[in-house]
Amino acid sequence: MRKLHFDNRFVRELPGESGGGDVPRAVEHAVYSLVDPVPMPAPTLLSWSPEAAALIDLDAGDIDAAFLDLFSGREPVEGAQPFAGNYGGHQFGHWAGQLGDGRAITLGEVVNAQGARWELQLKGSGRTPYSRGADGRAVLRSSLREYLCSEAMHHLGVPTTRALCLVGTGEQVVRDMFYDGHPQAEPGAIVCRMAPSLLRFGHFELPASRGDTRLLEQLVEFTIDRDFPELSGHGRARRAEWFTEICARTARMIAAWMRVGFVHGVMNTDNMSVLGLTIDYGPYGWIEPYDPDWTPNTTDAQRRRYRFGQQPNVAYWNLGCLAAALSPVVGDDEALQKGLQHYADTLERESRSSHARKLGLDQFRDDDLPLLQELHALMQQAQMDMTRTFRSLIDIDVRRPSMESLEGAFYDSALRAEYEEPLRNWLVRYAKRIDADALDADTRRQRMQAANPCYVPRNYLAHQAIERAEQGDLQTLENLLDVLRQPYVEQPGRDEYAARRPDWAAQRAGCSMLSCSS
Ligand SMILES: Nc1ncnc2c1ncn2[C@@H]1O[C@H](COP(=O)(O)OP(=O)(O)OP(=O)(O)O)[C@@H](O)[C@H]1O
Ligand SMILES: [Mg+2]
């Protein structure tokens, strides 16, 4: 493996602590703790992403024993300065205090030949000072899901952290998947994730909660200098501008989630990136039968705080927490309030643009709202597959709109029959609207194809890849990753990947229900 060029600004420029091993402790006046990954007994490389590797100038020729040593955490590599980050967070609406990277360890910041910076972080690589009572490990099922979805989201055009590789640890990790007294040993695995920065809202909330304004200010200035060099101005005004930029990026991320039917599942403020990237692929899921009230997360099944349709509001609430944390160093609550308003405005604009593209309209007008709302209501009542429904609309013949193209979207034939008439009426209205629209047929088709994925990493597809991987067969994962490289392009011979969720998967753990146990 060629040498990576590390430039560890975070560790170099900010206060951290070292020593003390993985003994759980309150870490004050420090934004990280130096700690090494725990060497794993028998690491194996299960998969790697050529697209992510290219971001740090690696290619197939670099995938060797040294690569495995580095990304399994076995060998310290020259230039790396591993650490666990110190952050807090609001979990399910409540301040949880110090959390920190309990099982994630950043190796360092790699700068590629173009000068782009990539933080490399192992998730599942052993205990840290932030592990509290837990083991610092991750199981194959959860690491594979993170690896798969990170790369799929990238190809879908959704802002996300990336995943470089998936490494089996050779260790067994015990998990009680549904917290119901049935612990089981599962294979362990580490995912190496990458992003220009992995800073979360919680990194700023923690020093703020402790009244440590000095540390907060230092971290804010550092983050803007390193990660937002395009922001002009200085001092407090620049900080306010920065918050507004976080709001805009978060809005774009949320609009993208809503467009593709992604449910994050645990939108705690410690799982929100200040770069507006999707981070922490835990009990996430994909909307199949359309249901804005659905959450895959069984841990949240009662309150459904993080259900699909609620995500825009939760992001706003989370930004409110960040604003409160930043208030002492911005010193201008009105500016922060304007930032929050900017979130709402950007989300509105982005959502309109996404509705226009999904429906194949030149512009999404105010009077198009009932058309969209009715479609959402019908998809929900008739339990239609979200991805397939939107993809089907591409083929509607505006002169003779018929149910035919929608056939593949239904899960229940009785509901299909029950809602046939309102759906037909809707199609007629939609066809009329399309016919009167400024876009020509080819442009409309292209627009719709680029906004409505044909393939998404459906929950059951990931589940199948996991089951096979647990038996040592990684080809199913590779095939799935390959399909998801071009999610908007229909790929001949790969229809099965675009199919509706099969019946067996409807109530199966891991396919429609996931817990935080990972
Ligand atoms: N097995 C574990 N060992 C140690 N700490 C853990 C473990 N699982 C979760 N944590 C810690 O619990 C907190 C909340 O967990 P959460 O499920 O949001 O994160 P995560 O899945 O571990 O990872 P991340 O947010 O880094 O993607 C975090 O501080 C996390 O590091
Ligand atoms: Mg997390």
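Since this is a predicted model, take the numbers as computed values, not measurements.

Draft legend 1. Representation of the overall build of the protein in the model. For the protein, the helix and strand inventory stands at 16 helices and eleven strands. At 23 Å, the protein has a C-alpha radius of gyration in line with the 24 Å of a compact globule built from 518 residues. With 518 residues in all, the protein has 47% of them scored as buried.

Draft legend 2. Up close: helix H10 (residues 369-381). In this model H10 runs 18 Å from its N-terminal to its C-terminal C-alpha over 13 residues, within 8% of the 18 Å that 1.5 Å per residue would give. The positive-phi residue at the C-terminal boundary of H10 is glutamine 383, with phi of around 50°.

Draft legend 3. Molecular detail of the pairing of strand S5 (residues 94-98). Relative to S5, strand S4 (residues 88-91) runs antiparallel, the two sharing three bridges. Across the sheet, the residue bridging to histidine 90 is tryptophan 95, located in S5. Between S4 and the antiparallel strand that follows it, S5, lie two residues; phenylalanine 92 among them carries a positive phi value of about 50°.

Draft legend 4. Layout of the domain arrangement of the protein. The domain architecture assigned to the protein consists of domain 1 (9-198), domain 2 (202-358) and domain 3 (364-437). Here the C-alpha centroids of domain 1 and domain 2 sit 22 Å apart. Across the contact, 35 residues belong to domain 1 and 33 residues belong to domain 2. Counting only elements with at least two residues in the side of domain 1 that touches domain 2, the list comes to helix H1 (9-13), S4, S5 and helix H4 (140-156). Here the side of domain 1 that touches domain 2 gets six residues from one element, more than from any other, and that element is H4.

Draft legend 5. Region of the structure containing unusual backbone geometry. Of note in the backbone geometry, histidine 29 takes a positive phi value of approximately 55° without being a glycine. The class of histidine 29 is partly exposed, set by 13 C-beta atoms lying within 10 Å. Not every positive phi belongs to a glycine, and phenylalanine 92 is a case in point at roughly 50°. Looking at the element boundaries, phenylalanine 92 is found in the loop between S4 and S5.

Draft legend 6. Fine view of the environment of glutamate 186. Here glutamate 186 shows up in strand S9 (residues 184-195). The spatial distance from the C-alpha of glutamate 186 to the C-alpha of valine 139 is 6.3 Å, given a sequence separation of 47 residues. If we skip the residues at most four places from it in the chain, glutamate 186 touches Val139, Leu140, Arg141, Gln172, Val173 and Arg175.

Draft legend 7. Broad picture of the UniProt feature "active site" (unreviewed entry) in the protein. On the UniProt side, "active site" (unreviewed entry) is annotated at positions that read Asp270 here. With respect to the helices and strands, the residue aspartate 270 is situated in the loop between strand S10 (262-263) and strand S11 (285-286). In this structure aspartate 270 comes out as buried when scored by C-beta crowding, with 24 C-beta atoms within 10 Å.

Draft legend 8. Seen up close, helix H9 (residues 333-359). With 27 residues, H9 extends 39 Å between its outermost C-alpha atoms, agreeing within 8% with the 39 Å of an ideal straight helix rising 1.5 Å per residue. Every buried residue of H9 is listed here: Leu336, Gly339, Tyr343, Leu347, His355, Ala356, Lys358 and Leu359. At its buried positions, H9 is contacted by helix H7 (235-260), helix H8 (311-330), H10, helix H11 (386-393) and helix H14 (441-451). Following H9 by one or two positions, glycine 360 adopts a phi angle in the positive range, close to 75°.

Draft legend 9. Structural view of the nonpolar core. Formed by 137 residues in total, the largest nonpolar core has its most connected members in Leu144, Leu148, Ala189, Cys192 and Leu326. The leading source of residues in this core is H7, at 13 residues. When neighbours within four sequence positions are excluded, leucine 148 is seen to be in contact with Pro457, Ala462, Ala465, Leu477, Leu480 and Leu481.

Draft legend 10. The UniProt feature "binding site: Mg(2+)" (unreviewed entry) in the protein, seen in detail. Taken from the UniProt record, the annotation "binding site: Mg(2+)" (unreviewed entry) applies to Asn271 and Asp280. When the 21 C-beta atoms within 10 Å are taken as the criterion, asparagine 271 is described as buried. Its place among the elements puts aspartate 280 in the loop between S10 and S11. Judged by local crowding, aspartate 280 falls into the buried class, with 23 C-beta atoms found within 10 Å. If sequence neighbours within four positions are ignored, aspartate 280 has contacts with Val266 and Asn271.

Draft legend 11. Up close: the packing of helix H6 (residues 213-227) against H8. Viewed as axis vectors pointing N to C, H6 and H8 meet at an angle of 95°, and their least axial separation amounts to 9 Å. Taken together, the axes of H6 and H8 are roughly perpendicular relative to one another. Across from Thr213, Leu216, Glu217 and Val220 in H6, the residues of H8 making contact are Leu326, Pro328 and Val329. Taken together, the residues that form the contact of H6 with H8 break down as five nonpolar, one polar and one charged.

The rules behind these values
- Residues numbered from 1 in each chain as written.
- Chains lettered and ligands numbered in written order.
- Predicted model: local features only at pLDDT ≥ 70, side-chain atom pairs only at ≥ 80, totals over all residues.
- Helix = DSSP H or I, 4+ residues; strand = E, 2+ residues; numbered from the N terminus.
- Rg over C-alpha atoms; globule rule 2.2 N^0.38 Å.
- Buried ≥ 20, exposed ≤ 12 C-beta atoms within 10 Å, placed from the backbone.
- Expected span 1.5 Å × (residues − 1).
- Pairing = 2+ DSSP bridges.
- Domains from an automatic or database assignment.
- Contact = placed C-beta atoms within 7 Å.
- UniProt positions renumbered as here; feature names shortened; annotations may be inferred.
- Core = buried A, V, L, I, M, F, W, Y, C linked by C-beta atoms within 7 Å.
- Axes fitted to C-alpha atoms, helices over the stretch in contact; angles between N-to-C directions.
- Parallel < 35°, antiparallel > 145°, perpendicular 65-115°, else oblique.
- Nonpolar A, V, L, I, M, F, W, Y, C, P; charged D, E, K, R; others polar.

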